[in-house]
There are 2 protein chains.
Amino acid sequence: MNLLHGLDGMDRRLLELLRQDARRTNASLAEELGIAASTCLARLKALRASGAVRGFTVDVDPAALGHGLVALVSVRIRPGARHRMEELFDRLRGLSGVQQVFFLGGEDDFLLHVAVADSEEVSRFVLKNLSADPAVAATRTSLVFRHEGGERPW
Amino acid sequence: MNLLHGLDGMDRRLLELLRQDARRTNASLAEELGIAASTCLARLKALRASGAVRGFTVDVDPAALGHGLVALVSVRIRPGARHRMEELFDRLRGLSGVQQVFFLGGEDDFLLHVAVADSEEVSRFVLKNLSADPAVAATRTSLVFRHEGGERPW
DNA sequence: AATGAAATGTTGGGGTT
DNA sequence: AACCCCAACATTTCATT
């Protein structure tokens, strides 16, 4: 798939505008880019089709959903369960409260970004979903005081 | 601000639909929710105004942007520089290649999610932006093999 | 690839219950 | 809060370059 070579400067400018506001109308994007609306639409379609654009989503304040506590949980898997990494990844990413899962090479095997109501719930989350699993060797939980993402300058 | 109490079941369903596709038209959202388009629009505006919805963004494949390597870098700050945490946070989140910054309570102080071209670039990133800073006591870099986010079931 | 034009679809403010 | 209306606006297809 043409990921690198299909991306010219106009595509990058388009992605940057969409990063700032994914709900802008095609007409307004086209105007700012100085191209015809139909051209802009064709480019966005091509970016979707090539897989460069995976989707569009909404950034919701976790607190608004009753998630007063955000944490990172690193997970180490037992040597004997290493062959189940793919399966474990899929299980972890389906758990309630899990926002992101990173599958790592290094000391730890997974890092979970979780959002829950309070400290009681994060402890329940770790005990029930992780510690109770025989594949899990160890976990380490860190509180997230502040989190920023999505405003990277490409 | 009314974050918790302004969120009823319909709001949550609306957010879930937008999470799946933030570029869906208001009319299509309203139809699936079984409410009038104007009502749906009013709810979305209210969610934006209350801060529950922070924005809409596009999910771009890092590889399409030439970022063949994704890593997590945890950063420990020297005890003598702890009073500069806020300032450090803002500096880190502005660095080129940084996708997310977590400010943590626990063993490490920050976790950076970075996307760069290759391993040469991640090493340059750490040496130039982190190790060279006198406030930084230690860093630890892990490769990200796989990353999923944004499909959490609220 | 990019364009303009035309048919079709969507938006969002105002007025109403 | 929710609804309907509808003029203004946006989208998308297609023939053309």
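Please refer to the structure higher up on the page.
Residues numbered from 1 in each chain as written. Chains lettered and ligands numbered in written order. Predicted model: local features only at pLDDT ≥ 70, side-chain atom pairs only at ≥ 80, totals over all residues. Heavy atoms only, no water.

**Student:** When you look at the relation of the copies chain B and chain A in this model, what are you seeing that I'm missing?
**Tutor:** The operation relating the pair of chain copies consists of a rotation about an axis and a translation along that axis. In the superposition of chain B on chain A (RMSD 0.2 Å, axial shift 0.1 Å), the rotation amounts to 180°. Such values leave the two copies arranged in the relation of a two-fold axis. (Least-squares fit on C-alpha atoms with pLDDT ≥ 70 in both.)

**Student:** How should I be thinking about the sheet that holds strand β2 (residues 69–77) of chain B in this particular structure?
**Tutor:** Across a sheet, paired strands are connected by hydrogen bonds in the backbone, their directions being either parallel or antiparallel. Pairing is antiparallel around the closed barrel formed by eight strands, whose spatial order is β2(A)-β4(A)-β3(A)-β5(B)-β2(B)-β4(B)-β3(B)-β5(A). Geometrically, the sheet is characterised by an average inter-axis angle of 35° between neighbouring strands, direction not taken into account. As judged from the seven bridges shared by strand β2 (residues 69–77) of chain A and strand β4 (residues 110–116) of chain A, these two strands associate in the antiparallel manner. Within β4(A), the position partnered with A:Leu69 by the bridge is A:Val116. Sheet strands touched by helix α4 (residues 85–93) of chain A: β2, β3 (98–105) and β4 of chain A together with β5 (136–149) of chain B. Its angle to β3(A), the strand with the most contacts, is close to 160°. (Pairing = 2+ DSSP bridges. Helix = DSSP H or I, 4+ residues; strand = E, 2+ residues; numbered from the N terminus. Axes fitted to C-alpha atoms, helices over the stretch in contact; angles between N-to-C directions. Contact = heavy atoms within 4.5 Å.)

**Student:** Whenever I open this one, the protein's contact with DNA strand C confuses me. Can you help?
**Tutor:** Around DNA strand C, the structure places A:Ile35, A:Ala36, A:Ser38, A:Thr39, A:Arg43, B:Thr25, B:Asn26, B:Ala27, B:Ser38, B:Leu41 and B:Lys45. Considering DNA strand C, the proportion of its atoms within 4 Å of the protein that are sugar or phosphate atoms stands at 72%. The contact in question runs from a phosphate oxygen of DNA strand C to an N or O atom on the side chain of A:Arg43, over 2.6 Å. B:Asn26 places a main-chain nitrogen or oxygen 2.8 Å from a phosphate oxygen of DNA strand C. Looking at the surface near DNA strand C, the elements with two or more residues in it are α3 (37–50) of chain A together with α2 (26–33) and α3 (37–50) of chain B. Across the surface near DNA strand C, the residue classes break down as four nonpolar, five polar and two charged. (Near = heavy atom within 4 Å. Polar contact = N/O pair within 3.5 Å; in protein donor to acceptor, adjacent residues only side chain to side chain. Nonpolar A, V, L, I, M, F, W, Y, C, P; charged D, E, K, R; others polar.)

**Student:** Please explain the environment of A:Leu18 as it appears in this structure.
**Tutor:** Following the sequence through the fold, A:Leu18 ends up in helix α1 (residues 9–20). Residue A:Leu18 is classed as buried on the basis of its relative accessible area, which comes to 0%. It is 8.3 Å that separates the C-alpha atoms of A:Leu18 and A:Leu29, two residues lying eleven residues apart in sequence. Leave out the neighbours within four places in its chain, and A:Leu18 touches A:Leu29, A:Leu44, A:Phe56, B:Arg23, B:Phe56, B:Thr57 and B:Val58. (Buried < 20%, exposed > 50% of the residue type's maximum accessible area, 1.4 Å probe, protein only.)

**Student:** Explanation requested: the packing of aromatic side chains in the structure shown.
**Tutor:** The description of two aromatic rings rests on the distance between their centres and on the angle between their planes. Scanning the entire structure with this criterion turns up eight aromatic pairs over all chains. Ring centres of A:Phe89 and A:Phe103 lie 6.2 Å apart, and the angle between their planes is 55°; on these two criteria the pair is classed as tilted. Taken together, the residues A:Phe89 in helix α4 and A:Phe103 in strand β3 connect sequence positions 14 residues apart. Summarising the burial analysis for this pair, A:Phe89 and A:Phe103 share the class buried. A centroid spacing of 5.3 Å and a plane angle of 35° characterise the contact between B:Phe103 and B:Phe110, whose relative ring orientation is tilted. Each member of the pair B:Phe103 and B:Phe110 is classed as buried. (Phe/Tyr/Trp six-rings, centres within 6.5 Å; stacked < 30°, edge-to-face > 60°.)

**Student:** Hey, could you run me through the nonpolar core in this one?
**Tutor:** Looking at soluble globular proteins, one finds that nonpolar side chains tend to be buried together. Grouped together as the largest cluster of nonpolar side chains are 41 residues, with contacts concentrated most on A:Leu14, A:Phe56, B:Leu14 and B:Phe56. Counting residues per element, the ones that place at least two in this core are α1, α2 (26–33), α3 and β1 (53–60) of chain A together with α1 (9–20), α2, α3 and β1 (53–60) of chain B. Examining the composition of this core, we find that five residues originate from one element, α1(B), more than from any other. If we skip the residues at most four places from it in the chain, B:Leu14 touches B:Leu29, B:Leu33, B:Cys40, B:Arg43, B:Leu44 and B:Leu47. (Core = buried A, V, L, I, M, F, W, Y, C linked by side-chain atoms within 4.5 Å.)

**Student:** Looking at this structure, I do not really get the interface of chain B and chain A. What am I missing?
**Tutor:** Interfaces are often sized by the amount of accessible area the parts lose when they come together. Counting residues at the interface gives 67 residues for chain B, matched by 69 residues for chain A. Interface area for chain B against chain A, summed over the two sides, is near 6,000 Å², with a carbon-plus-sulfur share of 53%. For chain B, the biggest contributors to the area lost against chain A are B:Arg23, B:Val58 and B:Arg146; these three give 13% of the whole. In this structure, the connection of chain B to chain A is made through eleven salt bridges. A salt bridge links B:Arg146 to A:Asp90, with the nearest nitrogen and oxygen atoms 3.4 Å apart. At the boundary of chain B and chain A, one finds 32 residue pairs in polar contact (both at pLDDT 80 or more). Taken together, the elements giving at least two residues each to the side of chain B that touches chain A come down to α1, α2, α3, β1, α4 (85–94), β3 (98–105), β4 (110–116) and β5 of chain B. Here the side of chain B that touches chain A takes nine residues from β5(B), the largest share from any one element. In terms of residue class, the side of chain B that touches chain A is made up of 31 nonpolar, 17 polar and 19 charged. With seven bridges joining them, β1(A) and β1(B) adopt antiparallel strand pairing. Within β1(B), the position partnered with A:Val60 by the bridge is B:Val53. (Buried area = accessible area lost by both parts, 1.4 Å probe. Salt bridge = Lys/Arg side-chain N within 4 Å of Asp/Glu carboxyl O.)

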